[in-house]
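These are the residues of each chain, in order.
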Amino acid sequence: MPSQSSSDITPSRRDFVKQSTAVVAGGMALATNLSKVQAGTPLGDKQIKVALIGCGGRGTQAAAQALSTNGNVTLWAMADAFDKRIEQSLTKLNRTLEQNLGEGSEEIIAEKIQVPLDRQFAGLDGYQKAIDSGVDLVILATPPGFRPPQFEAAIEAGKHVFTEKPLAVDAPGVRRVLAAGELADQKGLCVGVGLQRHHQPIYLETVKRLQEGAIGDILLTRVYWNSGPLWVRTKTDFFQSYGHEPTEMEYQVNNWYYFNWLCGDHIVEQHIHNIDVSNWVKQAHPVMAKGMGGRERRTAPEYGQIFDHHAVEFTYPDGSTMMSECRHMDGCWNQVAEFAAGTKGTADISRGKIITPSGEWQFSSEETIDPYQQEHDDLFAAIRSGQPYNEIPYGAESTMTAILGRMATYSGKLLEWDDAINSDIDISPKEYSFAAAPPVVPDKNGNYPVPVPGVTKVI
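None of these values were measured; they are calculated from a predicted model. (Residues numbered from 1 in each chain as written. Predicted model: local features only at pLDDT ≥ 70, side-chain atom pairs only at ≥ 80, totals over all residues. Heavy atoms only, no water.)

Visitor: Quick rundown of helix α8 (residues 201–211)? Include the residues and the values.
Guide: Turning to α8, its buried residues are Ile202, Tyr203, Thr206, Val207 and Leu210. The buried residues of α8 all sit within an arc of 110° when viewed along its axis, so they share a single face. On its buried side, α8 packs onto β7 (218–227), α12 (272–282), β11 (335–342), β12 (345–348), β13 (353–356) and β14 (359–362). (Buried < 20%, exposed > 50% of the residue type's maximum accessible area, 1.4 Å probe, protein only. Helix = DSSP H or I, 4+ residues; strand = E, 2+ residues; numbered from the N terminus. Arc of directions from axis to C-beta. Contact = heavy atoms within 4.5 Å.)

And the structure:
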């Protein structure tokens, strides 16, 4: 049980990076001097060749957004665990560009999408082939469990990166990503992270005002991702798509949302957006967490091992609180939003509204900015100008905060940050192969091991 009071602990984000990279184990020999940030080589108006790794819906959107940035950008290679997903992504990308560019754009699209069959890489090792295909930037949009090794490989190969969130599914993975992010700084590589609220004017302006004291000292934040259920892919679905019975590894990779080693649970994979906003406002990460959760509605074998609801109380170094809820159930009250309460007022952050005794401020703008496009515009502008650009520190911090929340609900314990970030429990597979055994396997009835509060060990 934690014995240190929260007021005695005052970590900053810089301390988090230093502390976390100091315990990286094996794989990469890295210095920990954060002052060694190197300016990149400006690419100016040169062609930027892109590899898309992970060709699902989000990856396809990210590729379209990269191709819509200013300058000469070409999609050069694609990789996915499954070949059909590459085909589907290519078809959707061509259709999206046709819609965006209009009639008569065939030649432009042919310049922007140059992915012949010999640069389409299927399989769990396809990502390395895409990285080695002569590209300048890679987009990482595979399930989060693949992120640490793929991000390491991209940085070691000297590539700029746009990576989707979250950055890992366990503490060893977070430490690997932090170390690779530091190496990116030393190499002058640019890294963007798919937490798009950091590129959305309503959040930028509202958070800035809160950090400047618009509602005084912030005592409480409340963050929610309560929504209906997501997709699920059964073994029958796999057979119908690929024409053969899946191995257990194929099945889990295809139905990745419901296995912790791939997804991290929805508190990590999805609710990270809201948790990240609270950390952003507080300019810190929590020092402890306690919570509860479980599986009320999603109990069938195809729902793997994740919970369908979590509720966590986080404590920040100054003693303030973040209340966090996420739920995947239909027929319930739903909300995706973030709020703050301070000594001088309150804020609805997601709606850009601040209320104090002296009046109300409401964000407004005549300009509509798509934050998903803007995050790519900002990353590519930095690459072309050679400006330092690395969003890994706050992306990793928010990833670890969400993992801490999952640890709290799975264990039912009051947990401290330092114990969580230094945990050596690694939930990744020993071998990345469709013939290999995944980290969890079903029992004789087809059910997977589900965490049990009070019993499950997370540290």
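That covers the picture; the talk isn't over yet.
Visitor: Explain the pattern of salt bridges residue by residue, including any values.
Guide: A full pass over the atoms with the stated rule returns 16 salt bridges. One salt bridge in this structure joins Arg209 and Glu205, with 2.8 Å as the shortest N-O distance. With a gap of four residues between them, Arg209 and Glu205 both fall in helix α8, about one helical turn apart. Counted as one network, the salt bridges with shared partners bring together Arg58, Glu164 and Glu375. (Salt bridge = Lys/Arg side-chain N within 4 Å of Asp/Glu carboxyl O.)

Visitor: Tell me about the packing of aromatic side chains, and please be specific about residues and values.
Guide: For any pair of aromatic rings, geometry is given as the distance between the ring centres together with the angle between the planes. A complete count under the given rule lists 18 aromatic pairs for this structure. When the ring of Phe146 is compared with that of Tyr432, the centres are 5.9 Å apart and the planes differ by 55°; the resulting orientation is tilted. With a gap of 286 residues between them, Phe146 in the loop between β4 (137–140) and α6 (147–156) and Tyr432 in the segment after α15 (417–421) connect regions that are remote in the sequence. We classify Phe146 as buried; its relative accessible area is 6%. Taking relative accessible area as the criterion, Tyr432 reaches 33% and is therefore assigned partly exposed. With centroids separated by 6.2 Å and ring planes inclined at 70°, the aromatic side chains of Tyr224 and Phe339 adopt a geometry described as edge-to-face. Highlighted residues: Tyr224 in strand β7 and Phe339 in strand β11, separated in sequence by 115 residues. Both residues of the pair, Tyr224 and Phe339, count as buried. The structure contains a cluster of three or more aromatic residues connected by ring pairs, namely Trp231, Trp256, Tyr257, Tyr258 and Tyr303. Against the face of Tyr251 rests Lys235, its NZ or CZ located 5.0 Å from the ring centre. (Phe/Tyr/Trp six-rings, centres within 6.5 Å; stacked < 30°, edge-to-face > 60°. Lys NZ or Arg CZ within 6 Å of the ring centre and 35° of its normal.)

Visitor: Now, about the UniProt feature "domain: Gfo/Idh/MocA-like oxidoreductase N-terminal" (unreviewed entry) in the chain: what can you tell me, with residues and values included?
Guide: Under the UniProt annotation, the feature "domain: Gfo/Idh/MocA-like oxidoreductase N-terminal" (unreviewed entry) is placed at residues 48–194. Secondary structure within residues 48–194 divides into 48% helix and 19% strand; the distance between the first and last C-alpha atoms comes to 20 Å. (UniProt positions renumbered as here; feature names shortened; annotations may be inferred.)

Visitor: Go over empty space enclosed by the protein, please, and point to the residues and values.
Guide: Summed over all chains, the structure comprises three cavities of 30 Å³ or more. Of the volumes computed, that of the largest cavity is approximately 90 Å³. In terms of lining residues, the largest cavity is bounded by Gly145, Pro148, Pro149, Ala168, Val169, Asp170, Pro172, Gly173, Arg176, Asp426, Ser428 and Tyr432. For the lining of the largest cavity, the secondary-structure elements that each account for two or more residues are α6 and α7 (171–187). Looking at the lining of the largest cavity, the element that brings in the most residues is α7, giving three residues. (1 Å grid on protein atoms, 1.4 Å probe; cavity = no way out; pocket = protein on both sides within 12 Å on 5 of 7 lines; lining within 4 Å. Points joined across faces, edges and corners; volume = space filled by probe spheres on them.)

Visitor: Break down the side chain of Arg406 for me, citing the residues and quoting the values.
Guide: The topology assignment puts Arg406 in helix α14 (residues 392–411). Summary of buried charges: Arg406 has no salt-bridge partner, and the nearest side chain of opposite charge, Asp265, is 6.2 Å away. When sequence neighbours within four positions are dropped, the list of residues in contact with Arg406 reads Val169, Asp170, Asn260, Gly264, Asp265, Ile267, Val268 and Ile427. (Lys, Arg positive; Asp, Glu negative; His and termini not counted.)

Visitor: So what about the state of the cysteines? Which residues, and what values?
Guide: Tallied over the full model, the rule gives zero disulfides. We note that Cys55 lacks a disulfide partner, and the nearest cysteine sulfur, in Cys263, lies 19 Å from it. Free of any disulfide, Cys326 has its nearest neighbouring cysteine sulfur in Cys263, separated by 10 Å. Of the residues examined, Cys326 reaches a relative accessible area of 2% and is grouped as buried. (Disulfide = S-S within 2.5 Å.)

Visitor: Summarise a negative patch on the surface; cite the residues concerned and give the values.
Guide: A surface patch of negative charge is lined by Glu98, Glu103, Glu106, Glu107 and Glu111. Along the polypeptide, Glu107 turns up in helix α4 (residues 106–112). (Patch = residues over 30% accessible without salt bridge, like charges linked within 9 Å, V, L, I, M, F, W, Y side chains within 5 Å. Areas by Shrake-Rupley, 256 points an atom, 1.4 Å probe, with all protein chains shown as cover. Charge placed at Lys NZ, Arg CZ, Asp CG, Glu CD.)

Visitor: Now, about unusual backbone geometry: what can you tell me, with residues and values included?
Guide: Residue Pro166 is reached from Lys165 by a cis peptide bond, and omega for that bond is -20°. As for its placement among the helices and strands, Pro166 is situated in the loop between β5 (160–163) and α7. The backbone of Asp265 sits at a positive phi, close to 80°, despite the residue not being glycine. Relative to the helices and strands, Asp265 resides in the loop between α10 (248–254) and α11 (266–269). Within the chain, Gln283 stands out as a residue other than glycine whose phi angle is a positive 55°.

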